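For reference, the chains in residue letters:
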Amino acid sequence: MSNKIQSRSQRNKNNNNRSDLVLKLSIGLLVIAIFILLLEFIYPGSNSSNEADLVLGSNEESESVVIDRESSEESEEDESIETVESDETEESSESEAEISSEVTSEESDADIREIPSNDPNVIKAYAADWEPIGTTQSGTHVTDYNDGSADRIEIKRAASQATGVPEDDIVEYWVGNAGEQRVTATIMQVSTGKYFKTYLTWNDGKGWQVTRYDEIRTVVQ
């Protein structure tokens, strides 16, 4: 009888221990679950932040690509402008060279010859059968010595033709009367610093014609 009582008591004790273990495990799992929920509540945006960083990085790379393309296009446009300007400069230089060549050709065609001179200011003197320069004037001719007049423009052009000095390289020092329908024009070539004195005669309907020019040491009016 006593043994039966002890066996029953032992079973009850074992059942109580098993119940306590299950309760403790349940409480432990509950605590862990609560802890996980708390972490999710405290740090809810960690994954979203990472995703946002990835999106932002992608956008920055796209903007960088667009900027690089724009910079490349601007660079290509600048190079194109520089090429056009270079081409225009070359064409301008070629045109000036052609004009200078034409003037020199006209001078050569005139069969220039050196002539003697007793003037100590003359380095060399030249004569040739230059053609009249042409004119826009008509009727009775009276020489107009004012700057910008038809006579002054045509006298400068005739002096350029005879001496071979381009008009844009000429400075006029003196244009004066040398007799009836005759003038002298003293000029300087800017690029070389050389002085020339030209002798011109008027031809009705044909304009001014150089008959001689001297390379001189200095300007004497």
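Every chain begins its residue count from 1, and numbering advances along the sequence as written. Reporting in this predicted model follows two pLDDT cut-offs: at least 70 for local features of residues, and 80 or more for side-chain atom pairs to be given and counted; totals over whole chains, interfaces and linings ignore these cut-offs and use all residues. By convention in this description, side-chain values take in all heavy atoms of the structure and omit both hydrogens and water.

Visitor: Could you give an account of the overall build of the chain, naming the residues involved and the relevant values?
Guide: Under the DSSP-based scheme used, a helix requires at least four consecutive residues in state H or I and a strand at least two consecutive residues in state E, with every element numbered from the N terminus. Across its full length, the chain holds 3 helices and 6 strands. Mapped from its N terminus to its C terminus, the chain presents α and β elements in the order α-α-β-β-α-β-β-β-β. Accessibility here uses a 1.4 Å probe with only protein chains present; expressed as a share of the type maximum, an area under 20% marks a residue as buried, one over 50% as exposed, and anything in between as partly exposed. Per-residue burial over the chain gives 23% buried out of 221 residues. Residue pairs at least 24 apart in sequence account for 47% of intrachain contacts in the chain once pairs closer than 6 positions are excluded. In what follows, a contact means two residues having at least one pair of non-hydrogen atoms within 4.5 Å.

Visitor: Account for the side chain of Glu154, naming residues and giving values.
Guide: Among the structural elements, Glu154 can be located in helix H3 (residues 150–163). Note on charges: Lys and Arg go in the positive column, Asp and Glu in the negative column, and His and the chain ends are not counted at all. Salt bridges are identified by distance alone: a Lys or Arg side-chain nitrogen within 4 Å of an Asp or Glu carboxyl oxygen. We note that Glu154 is buried and unpaired, the nearest opposite charge coming from Arg157 at a distance of 5.5 Å. Here a polar contact means two N or O atoms within 3.5 Å. Within protein one must be a hydrogen donor candidate and the other an acceptor candidate, and residues neighboring in sequence count only if both atoms are side-chain atoms. Within the structure, Glu154 has its side chain in polar contact with the side chain of Thr135 (distance 2.9 Å). If sequence neighbours within four positions are ignored, Glu154 has contacts with Ile133, Gly134, Thr135, Thr136, Gln137, Trp202 and Trp208.

Visitor: So what's going on with the confidence of the model for the chain? Which residues, and what values?
Guide: The predictor's confidence in any single residue is recorded as pLDDT, a number from 0 to 100. Per-residue pLDDT for the chain has a mean of 77; in total, 61% of the residues score no lower than 70. With pLDDT under 50 throughout, residues 46–56 is counted as low confidence; its partners more than four residues away or in other chains account for 0 contacts. For the stretch residues 62–67, pLDDT sits under 50, and the model shows 0 contacts to residues farther than four places along the chain or on other chains.

Visitor: Please give an account of the packing of aromatic side chains that cites residues and values.
Guide: Aromatic pairing here means that ring centres of Phe, Tyr or Trp (its six-membered ring) are within 6.5 Å. Orientation follows from the plane angle: under 30 degrees is stacked, over 60 is edge-to-face, and everything else is tilted. If you walk through the whole model with that rule in mind, you get 5 aromatic pairs. Each member of the aromatic cluster is reached from another via a ring pair, and the members are Tyr126, Trp130, Phe196 and Tyr213. Sitting over a ring, as applied to charges here, requires NZ of Lys or CZ of Arg to be within 6 Å of the ring centre and within 35 degrees of the ring normal. One Lys or Arg, Arg212, reaches over the ring of Tyr199 and ends 5.2 Å from the middle of that ring.

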